[in-house]
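One letter stands for each residue in the lines below.
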Amino acid sequence: MGLKSGRIKYPFILPSMIWVLAFTIFPLIYSFGLSFFRVRLGRPATFVGLNNFARIFSDYKLGNSLRVTLMYVAVTVSIQLALGILIALLFHQEMKGKSIFRALLILPIFCTPVAVGYLGLTIFYEEGGPLNSILMSLFGWKIPWLSSPFWAWVAVLLLDIWQWTPFCFLVILAGLQSLPEEIYDAAYIDSSSEWEIFRKITFPMVQPVVVIVLLLRLIESFKIFDVIYSLTGGGPGTATEVYSLYTYRTGLKFFDFGYASALGYVLLAMVMVVVNLFFRRVRQVYE
């Protein structure tokens, strides 16, 4: 009876195992093998060793994509964390309608990135879009959101910050609400400065949660693709072409599958290096 009840779990976990094997493990292994071949659509694969990886160092387009990606990660993650902490501190106070505002604030998390991109396309539409219509009625001028490299970049940043700041806020708020109240009672006896209490008590205690949020957002931001693809398509020109989008175009637009696989593995290596350096630094701080 016990054996039968133990085996009953396998039919339930079998679909998830098949999913992981088919859509994670197999593509990972297959693309690694592919990165050592020159593979063009309609032509036989040719073994080229490490040539695809060596080609990366002479690819000037990749340098632009890498620069765009690093700027994107640095700006969005830092602003999302800062706003997340500020909003979490605000919602940690007593206020009327807090649960309603909190529910409204976290709604963007549940939108798919592609839907957010197309929503942005509607909002930032230059001729007759709602945002430019408001600007025209108030100030008499409009912004070339999607035709100017700078403003297209700003539009992408605004959308990503709007969608993912609630995630930072929600996790950090959970961390704040788990802090013991007794410490604050003692702290208010010694100091009446809210800033001093935040700097010396609240932030150090909630810092492990902030670190986890930072790590998760770093990993996700390096993989950004959907919002940019649906909003700007990487344009105008290559102003918003991030690394993942460049890899996608190399593989599925120019059908250079071997080089695209090598690009994917280089991105994986970069993210692993960043995460390891980050963890090493965190370990040094806490040890």
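Residues numbered from 1 in each chain as written. Predicted model: local features only at pLDDT ≥ 70, side-chain atom pairs only at ≥ 80, totals over all residues. Heavy atoms only, no water.

## Side note on the overall build of the protein chain
Right, on to step 1. Tallying secondary structure elements over the protein chain gives 13 helices and 2 strands in all.
Right, on to step 2. In summary, the protein chain has a C-alpha radius of gyration of 24 Å against a globular reference of 19 Å for 287 residues, an excess of more than 25%.
Right, on to step 3. Principal-axis analysis of the C-alpha atoms places the extent of the protein chain at approximately 75 × 75 × 40 Å.
Right, on to step 4. Residues counted as buried form 36% of the 287 residues belonging to the protein chain.
Right, on to step 5. For the protein chain, the exposed area adds up to about 17,300 Å²; of that, 71% sits on carbon and sulfur atoms.
Right, on to step 6. Here the protein chain contributes 22 positively and 16 negatively charged side chains, and the mean placements of these two sets differ by 14 Å. (Helix = DSSP H or I, 4+ residues; strand = E, 2+ residues; numbered from the N terminus. Rg over C-alpha atoms; globule rule 2.2 N^0.38 Å. Buried < 20%, exposed > 50% of the residue type's maximum accessible area, 1.4 Å probe, protein only. Areas by Shrake-Rupley, 256 points an atom, 1.4 Å probe, with all protein chains shown as cover. Lys, Arg positive; Asp, Glu negative; His and termini not counted. Charge placed at Lys NZ, Arg CZ, Asp CG, Glu CD.)

## Section: the packing of helix α6 (residues 113-123) against helix α8 (residues 149-177)
Right, on to step 1. Where α6 meets α8, the axes come as close as 10 Å, and the angle between the chain directions of the two elements is 135°. Judged by the inter-axis angle, α6 sits oblique to α8. As for the relative orientation of α6 and α8, their crossing is right-handed in sense. Where α6 approaches α8, its residues P113, V116, G117, L119 and G120 are matched on the opposing element by L159, W162 and Q163. (Axes fitted to C-alpha atoms, helices over the stretch in contact; angles between N-to-C directions. Parallel < 35°, antiparallel > 145°, perpendicular 65-115°, else oblique. Left-handed = near helix turned anticlockwise from the far one by under 90°. Contact = heavy atoms within 4.5 Å.)

## Focus: the nonpolar core
Right, on to step 1. Counting residues in hydrophobic clusters, the biggest one holds 37 residues, and the most contacted among them are L62, Y72 and L263.
Right, on to step 2. Elements supplying a minimum of two residues to this core: α4 (60-91), α8, α10 (194-222), α11 (226-231), α12 (243-252) and α13 (257-286).
Right, on to step 3. Excluding anything up to four places from it in sequence, L62 contacts I56, Y243, Y246, Y259 and L263. (Core = buried A, V, L, I, M, F, W, Y, C linked by side-chain atoms within 4.5 Å.)

## Quick look at the packing of aromatic side chains
Right, on to step 1. Considering all chains together, one arrives at 19 aromatic pairs under this definition.
Right, on to step 2. For the ring pair F37 and F47, a centre distance of 5.4 Å and an interplane angle of 75° mean the geometry is edge-to-face. With F37 in strand β1 (residues 37-38) and F47 in strand β2 (residues 46-47), the pair connects residues that are 10 residues apart, well separated along the chain.
Right, on to step 3. Exposure remark for F47: the relative accessible area of 57% places this residue in the exposed category.
Right, on to step 4. For the ring pair F198 and F203, a centre distance of 5.9 Å and an interplane angle of 50° mean the geometry is tilted.
Right, on to step 5. Site record: aromatic cluster; members linked through ring pairs are F32, F36, F53 and Y265.
Right, on to step 6. One Lys or Arg, R55, reaches over the ring of Y259 and ends 3.8 Å from the middle of that ring. (Phe/Tyr/Trp six-rings, centres within 6.5 Å; stacked < 30°, edge-to-face > 60°. Lys NZ or Arg CZ within 6 Å of the ring centre and 35° of its normal.)

## Describing the confidence of the model for the protein chain
Right, on to step 1. Averaged over every residue, the pLDDT of the protein chain is 88; residues scoring 70 or more account for 96%.
Right, on to step 2. Element-level pLDDT for the protein chain is lowest in helix α1 (residues 2-7), with a mean of 61, against a maximum mean of 93 in α8. (pLDDT = per-residue confidence, 0-100.)

## Focus on the side chain of S31
Right, on to step 1. Relative to the helices and strands, S31 resides in helix α2 (residues 9-34).
Right, on to step 2. Of note is the side chain of S31, whose polar atom sits 3.1 Å from the backbone oxygen of L28.
Right, on to step 3. Ignoring anything within four residues of it in the chain, the contact list for S31 reads S261 and Y265. (Polar contact = N/O pair within 3.5 Å; in protein donor to acceptor, adjacent residues only side chain to side chain.)

## Some remarks on a nonpolar patch on the surface
Right, on to step 1. Taken together, the side chains of W19, V20, L21, F23, I25, L28, I29, L268 and M272 define a hydrophobic patch exposed on the protein surface, amounting to about 910 Å² of accessible area.
Right, on to step 2. Breaking the nonpolar patch down by element, the ones donating at least two residues are α2 and α13.
Right, on to step 3. Ranked by residue count, the leading element in the nonpolar patch is α2, at 7 residues.
Right, on to step 4. The residue I29 is located in helix α2 in this model. (Patch = residues over 30% accessible without salt bridge, like charges linked within 9 Å, V, L, I, M, F, W, Y side chains within 5 Å. Salt bridge = Lys/Arg side-chain N within 4 Å of Asp/Glu carboxyl O.)

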